[in-house]
Amino acid sequence: MSNTIDLSLLIERISAADTDEQRQIFNEPELQQLEAGAFATLLEALPLDQRMELWRQLPLNDHVDVLTAMRGDTREWVIQSLSDAELDLVLDKLDNLSLIEWADSLPENIIDRAVEKLSKEDIELFDRANQYDDDQIGRYANPKVLSLPQGISAKRAKILLERYGYQYPASIYVVTRDTKFVGKVNYQQLVEAEPLTILSSLADTDTPVLEDGASLTEAVEAVEHSQQFSLPIVDENFALIGEIDTHLALELMRESYESTLMANAGMSEEDDLFAPITKSAKKRAVWLGINLITAVLASMTISLFEDVIAQVVALAILMPIVASMGGIAGSQTLTLMIRGMALNQVTAGNRRSLLRNELGIGFINGVLWAVLIGLMAGLWFQSPIIGAIISVGIVVNIITAALFGVVIPVVLDKLKLDPALAGSVILTTVTDVVGFFAFLGTAKLLLI
């Protein structure tokens, strides 16, 4: 985003303006400083009827970059709203990297139409990228890197750099004749080298290398810890296939964060802020249905103890406390586990120790809060038995929350399901059912 423009204020100005005023604002010289990502954010913040009007005022050369920076749902909506002529103008400027980014959010007919317009080289790169899973860095590697043969001289290398229009700080990779990665050359060192110095002698062979099958998380961590602008990506034969730079690493980190955040509500990071009402309602209805099932399970558990609740009204008043304490304790453990799994810190070797650690925390907090809440409930209802009952419910539920906060994401991961998406729903169900059963079951034993 531009340093001179506050995007939130700009969105507020455009949202409050009429159509003619919006055009004037959008054509202000300051707005031309905005990067593609800022334009994308601006358009995403506008209702659908205003979005296309301003989209058509963007310079044609910016269309692909802005669309690539958009969320998947927004991008699809804009493309579906284009006329055939407008779509052809966009697709004519599309390259394989942008198409890879678009592929998961567009209909097959548009993807096929875009592929037809790619050059032979870009089609080969697109097909190669599609051989990888969505979570493998090989899919997102930038293949258009500058590589030089290891056997040429420094003088020849400098001639080639001028021919290619080299601009610092782009990385210079040294490869063999069959494109196997050798090392990385420092531009300044190359400039200062003797003309006849062989390039391989200048290459830094200790440069960290990423395998194309590495996960996105591993790739982002490698860039973060390398303190380099970019890292090479190689295939199983150690052939250079591309690179990941800090810009891509930051983008992947942001997408991962948004994915986890949105998954907790059963949504996707690609969801449009102003998606059509019927489409959004349909998506969210599925999640509401799942939550209804979990609520029914909790209600069925409560119904087993209807006679106890009918006799002791205090139990109905205290039930939300039991559910809430278990839910919070479980979400803390679950969040810790999901983060650890995303960073590859949770393995088969440390799961048992992690489980013991979380159970210990659950036991201490369970006892502490059980005593405190039990005393408060006993004084409130003038009944030590009520205090003891809720104490048992709190202890059992918090320890259960710690247990399943560790177990659930591990099981979901083994089943190839996203723990961030399904974990919270399952955990909430478990803590509600176990908490109510422990609380009301204890009450039935002691009061009836």
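Residues numbered from 1 in each chain as written. Predicted model: local features only at pLDDT ≥ 70, side-chain atom pairs only at ≥ 80, totals over all residues. Heavy atoms only, no water.

1. A closer look at a nonpolar patch on the surface
In step 1: Side chains of Leu292, Ile293, Val296, Leu297 and Met300 sit close together on the surface and give an oily, nonpolar patch of about 470 Å² of accessible area.
In step 2: One can find Leu292 in helix H16 (residues 277–303).
In step 3: According to the relative accessible area criterion, Leu292 is exposed, its value standing at 54%. (Patch = residues over 30% accessible without salt bridge, like charges linked within 9 Å, V, L, I, M, F, W, Y side chains within 5 Å. Areas by Shrake-Rupley, 256 points an atom, 1.4 Å probe, with all protein chains shown as cover. Salt bridge = Lys/Arg side-chain N within 4 Å of Asp/Glu carboxyl O. Helix = DSSP H or I, 4+ residues; strand = E, 2+ residues; numbered from the N terminus. Buried < 20%, exposed > 50% of the residue type's maximum accessible area, 1.4 Å probe, protein only.)

2. Digging into the packing of aromatic side chains
In step 1: Counted according to the given criterion, the structure contains five aromatic pairs.
In step 2: Ring geometry for Phe305 against Phe437: centres 5.6 Å apart, planes inclined by 75°, an arrangement best described as edge-to-face. One end of the pair, Phe305, is in the loop between H16 and helix H17 (306–311); the other, Phe437, is in helix H21 (residues 419–447), with 132 residues separating them in the sequence.
In step 3: A residue is classified by how much of its surface remains accessible, and Phe305, at 7% relative accessible area, is buried.
In step 4: Seen in terms of ring centroids, Trp380 and Phe381 are 4.7 Å apart; in terms of plane orientation they differ by 25°. Their pairing is stacked.
In step 5: Overall, Phe381 belongs to the partly exposed group, its relative accessible area being 24%.
In step 6: Through a chain of ring-to-ring contacts, the aromatic side chains of Tyr173, Phe181 and Phe238 assemble into a single cluster.
In step 7: Against the face of Trp77 rests Arg51, its NZ or CZ located 5.6 Å from the ring centre. (Phe/Tyr/Trp six-rings, centres within 6.5 Å; stacked < 30°, edge-to-face > 60°. Lys NZ or Arg CZ within 6 Å of the ring centre and 35° of its normal.)

3. Considering empty space enclosed by the protein
In step 1: Counted under the stated rule, the structure contains one cavity of 30 Å³ or more.
In step 2: What the largest cavity holds in volume is close to 80 Å³.
In step 3: Every element with two or more residues in the lining of the largest cavity is listed here: helix H8 (96–102) and helix H10 (120–129). (1 Å grid on protein atoms, 1.4 Å probe; cavity = no way out; pocket = protein on both sides within 12 Å on 5 of 7 lines; lining within 4 Å. Points joined across faces, edges and corners; volume = space filled by probe spheres on them.)

4. Structural notes on the packing of helix H7 (residues 84–92) against helix H9 (residues 108–117)
In step 1: Where H7 contacts H9, the axes come no closer than 9 Å and their chain directions differ by 55°. Classified by the interaxial angle, the pair formed by H7 and H9 is oblique. For H7 against H9, the interelement crossing comes out right-handed. Packed against H7, whose contacting residues are Asp84, Leu87, Asp88, Leu91 and Asp92, the element H9 presents Arg113, Ala114 and Lys117 at the interface.
In step 2: Tallied by class, the residues present in the contact of H7 with H9 amount to three nonpolar, no polar and five charged. (Axes fitted to C-alpha atoms, helices over the stretch in contact; angles between N-to-C directions. Parallel < 35°, antiparallel > 145°, perpendicular 65-115°, else oblique. Left-handed = near helix turned anticlockwise from the far one by under 90°. Contact = heavy atoms within 4.5 Å. Nonpolar A, V, L, I, M, F, W, Y, C, P; charged D, E, K, R; others polar.)

5. What about the side chain of Ser98?
In step 1: Structurally, Ser98 can be placed in helix H8.
In step 2: A distance of 3.4 Å separates polar atoms of two side chains, one belonging to Ser98 and the other to Thr68.
In step 3: Among all residues touching Ser98, those that are not within four sequence positions of it are Val64 and Thr68. (Polar contact = N/O pair within 3.5 Å; in protein donor to acceptor, adjacent residues only side chain to side chain.)

6. Quick notes on the UniProt feature "domain: Magnesium transporter MgtE intracellular" (unreviewed entry) in the protein chain
In step 1: In the numbering adopted here, UniProt assigns the feature "domain: Magnesium transporter MgtE intracellular" (unreviewed entry) to residues 34–137.
In step 2: The annotated region residues 34–137 carries 67% helix and 0% strand content, and the separation between its end C-alpha atoms amounts to 29 Å. (UniProt positions renumbered as here; feature names shortened; annotations may be inferred.)

7. Focus: helix H14 (residues 216–226)
Residue pairs three or four apart in sequence face the same way in an α-helix, which turns once every 3.6 residues.
In step 1: Every buried residue belonging to H14 is among Leu216, Ala219, Val220, Val223 and Ser226, and all of these are buried. One side of H14 carries all its buried residues, which in axial view fall inside an arc of 135°. The exposed residues of H14 that point more than 90 degrees off its buried face are Glu224 and His225. (Arc of directions from axis to C-beta.)

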